[in-house]
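Notes for the structure review
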Number of protein chains: 2
Amino acid sequence: MYQIGIDIGGTNTLIGIVDDNGAIVRTRSMLTQAGRPQDDIIADMASAIGTLLKEVGIGREEVEAVGVGVPGAVDSCSGVVVGAYNLQWRNVPLKDEMEKILQRPVYVENGANVAAIAELMFGVFKGCHNALLLTLATGLGSALIINGKLYRGSHNVGNEAGHMTLVEDGLQCTCGNKGCMEMYVTATALVREGRKAVIEQPMSMISSMTGGNFSLVTAKLVMDCAKKHDLVAYGIFRQYVHALGSSIASICNMLDPDIIAIGGGVSKSGEFLLKPLREDVSKKLFFKNVPPPRIEIAAMGNEAGVIGAAKLCKMQ
Amino acid sequence: MYQIGIDIGGTNTLIGIVDDNGAIVRTRSMLTQAGRPQDDIIADMASAIGTLLKEVGIGREEVEAVGVGVPGAVDSCSGVVVGAYNLQWRNVPLKDEMEKILQRPVYVENGANVAAIAELMFGVFKGCHNALLLTLATGLGSALIINGKLYRGSHNVGNEAGHMTLVEDGLQCTCGNKGCMEMYVTATALVREGRKAVIEQPMSMISSMTGGNFSLVTAKLVMDCAKKHDLVAYGIFRQYVHALGSSIASICNMLDPDIIAIGGGVSKSGEFLLKPLREDVSKKLFFKNVPPPRIEIAAMGNEAGVIGAAKLCKMQ
């Protein structure tokens, strides 16, 4: 049998057919075009599934189930998307609407949660009891494995580590609070500080690489300049690692997991990020005479969302 | 049958005989005299148990088990106290040593965890899936119930919510880090700010109530002055609630529990604390269209430690 996984993002939606071993048979990407009526997005996803199945010659009866990862809060029992700000969805009965069209069982889950499921089944969380996934991208996604199972919280709205306070009365966050972790440890934070550097530090490598045009700053550019020992970029990077280390140590002091996996665009910097991060976290752990949790790059990459969503039917 | 619970504190140790319904038959308090050799403390506890049993006419064979709550990190499988700073204990095989003397099964657990067990079996956590206990005293104790069970973490060293960062690069904490929650939300924080007021705000009620002697400031005094509408004390209280609200909202955004229970000395202010606290937490929750977690005063009071410790044998 096969399962179909859908990873809805604010910009792109990735749809894939996955086999019983967790291998991707084929994927197809579509523009989400967030903001348009939900029925249009649902119809486009259904049609993409039809195209995919035809392309690989798999019949609908060979599809065990469809799973969808949504960037927002999901009641995974009812399959209702309670709120997904990027999509402008609120109380969307996604499971029911998709089952009507597809005539297959549909499972719906938060996007970070499906990535954690992929790591648990096939990636760095295999065999772990307690694990934390942080995806560092435009926003901060987080998911928890507790006692070997996905942890959803009491109202299906946990796992918003991005909105834990890191700096009381710090930077204004889009959620209305101040000083949320998300303001300091995402790619967006690197871009913000990189842009500041273009304006305030015209001699920096970030400034020269962008010709002084701050709109050209990306998180990757800041990281690349830091790797090349540009002092300004390295300062931004160290401050970033400091904030990320504090965030992770905070969660570890509370939850004492086996492992923290870092995903998302920022994680592509690999050991360059992990080395100082591990040092910072170790320094900040309350108990210093027990082994610190492992900190690793998430293994499942861009396809974590599709694979995890496809395997939702195995987690019920 | 009966169980014996021991609640070791930095100053006092409370020992109690508990019946099968969780009712305390009799307790006895002793000075811990932290810092003296562990064998002396263990011998004193064993002797107090002997006295207690004699006083109520219960035979040793009627004692099902002995449970001990320790203010520190405990490996609850081996019964070894990994580290208890207040007691100056490190790697103390408490279970083995006490079993040798008492000839009864002994269970050892972190002190905040045993209080959470008492709340789960007989108090405000009854029937809850996910719950957080915060005890606000000299330090900040915390314990988690996850999926209806005590959560211990992967290395038995979780539940140190007090050492989550609330203010990046904030006040220096005794643990070596800066800006830990413990620096802002404990009775100690209220005392610190109250003392500052005695010096800096001589017209405040805190100053007049202590005759300008800052060593007379207690957390209760600051709370009492705030209740009497003294502006300086109320300002300290509001700032305190603000920090506590941020701390709780942070944990809720991550863990989405059913309930948070507040214990410890500060919790005696009851609704005066709870009302503004609930408002602050609700404002800071990321998802505003789901019911907020309940925030209540812990129900088991000073005997939570003894009752929870006594019932450790039921949680294995």
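Residues numbered from 1 in each chain as written. Chains lettered and ligands numbered in written order. Predicted model: local features only at pLDDT ≥ 70, side-chain atom pairs only at ≥ 80, totals over all residues. Heavy atoms only, no water.

1. Quick notes on the overall build of chain A
As a reminder, the rule being used: Counting from the N terminus, the helices are the DSSP runs of H or I reaching at least four residues and the strands are the DSSP runs of E reaching at least two. With a 1.4 Å probe rolled over the protein chains alone, any residue whose accessible area is under 20% of its type maximum counts as buried; one over 50% counts as exposed, and the rest are partly exposed. Two residues form a contact once any of their heavy atoms are found within 4.5 Å. Each accessible area is a Shrake-Rupley result for a 1.4 Å probe, and residues are judged covered by the shown protein chains and nothing else. Counting rule applied: Lys, Arg positive; Asp, Glu negative; His and chain ends not counted. In this description, the location of a charge corresponds to atom NZ of lysine, CZ of arginine, CG of aspartate or CD of glutamate.
Per the secondary structure count, chain A includes 10 helices and 13 strands. Across its three principal axes, chain A shows a C-alpha extent of roughly 60 × 50 × 35 Å. For chain A, buried positions account for 58% of its 316 residues. Counting only contacts in chain A whose residues sit at least 6 apart along the sequence, the fraction spanning at least 24 positions is 59%. Per element, the accessible surface of chain A, about 12600 Å² overall, is 52% carbon and sulfur. Separation between the mean location of the 29 positive side-chain charges and that of the 31 negative ones in chain A comes to 4 Å.

2. Side note on the interface of chain A and chain B
Condition: Two parts placed together each lose some accessible area under a 1.4 Å probe, and the buried area is that loss summed for both. Salt bridges, as used here, are contacts in which a Lys or Arg side-chain nitrogen is within 4 Å of a carboxyl oxygen on Asp or Glu. Any pair of N or O atoms that falls within 3.5 Å is considered a polar contact. Within protein, one atom must be able to donate a hydrogen and the other to accept it, and sequence-neighbouring residues count only if both atoms are side-chain atoms. Classification used: nonpolar for Ala, Val, Leu, Ile, Met, Phe, Trp, Tyr, Cys and Pro, charged for Asp, Glu, Lys and Arg, polar for all others including Gly.
Facing 48 residues of chain A, the contacting portion of chain B comprises 48 residues. The junction of chain A with chain B conceals about 4600 Å² of combined surface from both sides, 55% of it contributed by carbon and sulfur atoms. Of all residues in chain A, A:Met254, A:Phe286 and A:Phe287 bury the most surface against chain B, accounting for 17% of the area lost on that side. Counting across the interface, chain A meets chain B through 0 salt bridges. Linking chain A with chain B are 30 residue pairs in polar contact (both at pLDDT 80 or more). Within the residue set of the side of chain A that touches chain B, elements represented by two or more residues are β6 (80-84), β10 (140-146), α8 (231-255) and α9 (271-284) of chain A. Among the elements that make up the side of chain A that touches chain B, the one with the highest residue count is α8(A) (8 residues). For the side of chain A that touches chain B, the per-class residue count stands at 22 nonpolar, 16 polar and 10 charged.

3. Focus on α9(A)
Residues and elements named next belong to chain A. Threshold: Helix span, expected: 1.5 Å multiplied by one less than the number of residues in the helix.
The terminal C-alpha atoms of α9, which comprises 14 residues, lie 20 Å apart, in line with the 20 Å expected from a rise of 1.5 Å per residue. Looking at α9, one finds that the buried residues are Leu273, Leu274, Pro276, Leu277, Asp280, Val281 and Lys284. Buried residues along α9 sit against α7 (219-227), α8, β12 (259-263) and β13 (294-297).

4. Here we look at the relation of the copies chain A and chain B
Put simply, the rule is: Least squares is the method used to superpose the copies, on C-alpha atoms of residues holding a pLDDT of at least 70 in both.
Superposing chain A onto chain B requires a rotation of 180° together with a translation of 0.0 Å along the rotation axis, leaving an RMSD of 0.0 Å. One copy is carried onto the other by what is essentially a two-fold rotation axis. The position closest to the rotation axis in chain A is occupied by the C-alpha of A:Val167, lying 2.3 Å away. Same-surface contact between copies: 100% of interface residues of chain A are shared with the interface of chain B.

5. Side note on the nonpolar core
The criterion, for reference: By nonpolar core we mean a set of buried residues, namely Ala, Val, Leu, Ile, Met, Phe, Trp, Tyr and Cys, connected to one another through side-chain atoms within 4.5 Å.
Counting 118 residues, the largest nonpolar core has A:Ile206, A:Ile248, B:Ile206 and B:Ile248 as its most contacted members. The contact partners of B:Ile206, leaving out residues within four places of it in the chain, are B:Gly194, B:Ala197, B:Val198, B:Val217, B:Leu221, B:Val222, B:Cys225, B:Asp230, B:Ala233 and B:Ile236.

6. Some remarks on the sheet that holds strand β6 (residues 80-84) of chain B
All names here are of chain B. Where we set the bar: For two strands to be treated as a pair, DSSP must find at least two bridges joining them. Helix axes are fitted only over the stretch in contact, all axes being lines through C-alpha atoms; the angle between N-to-C directions runs from 0 to 180 degrees.
As summarised here, the arrangement of the 3 strands in space is β5-β6-β7, forming an open sheet in which the pairing is antiparallel. Among the strands making up the open sheet, the edge pair consists of β5 (73-75) and β7 (89-92). Across this sheet, the average inter-strand angle for adjacent strands is 15°, counted without regard to direction.

Take it as geometry only, folks, not as evidence of what the structure does.
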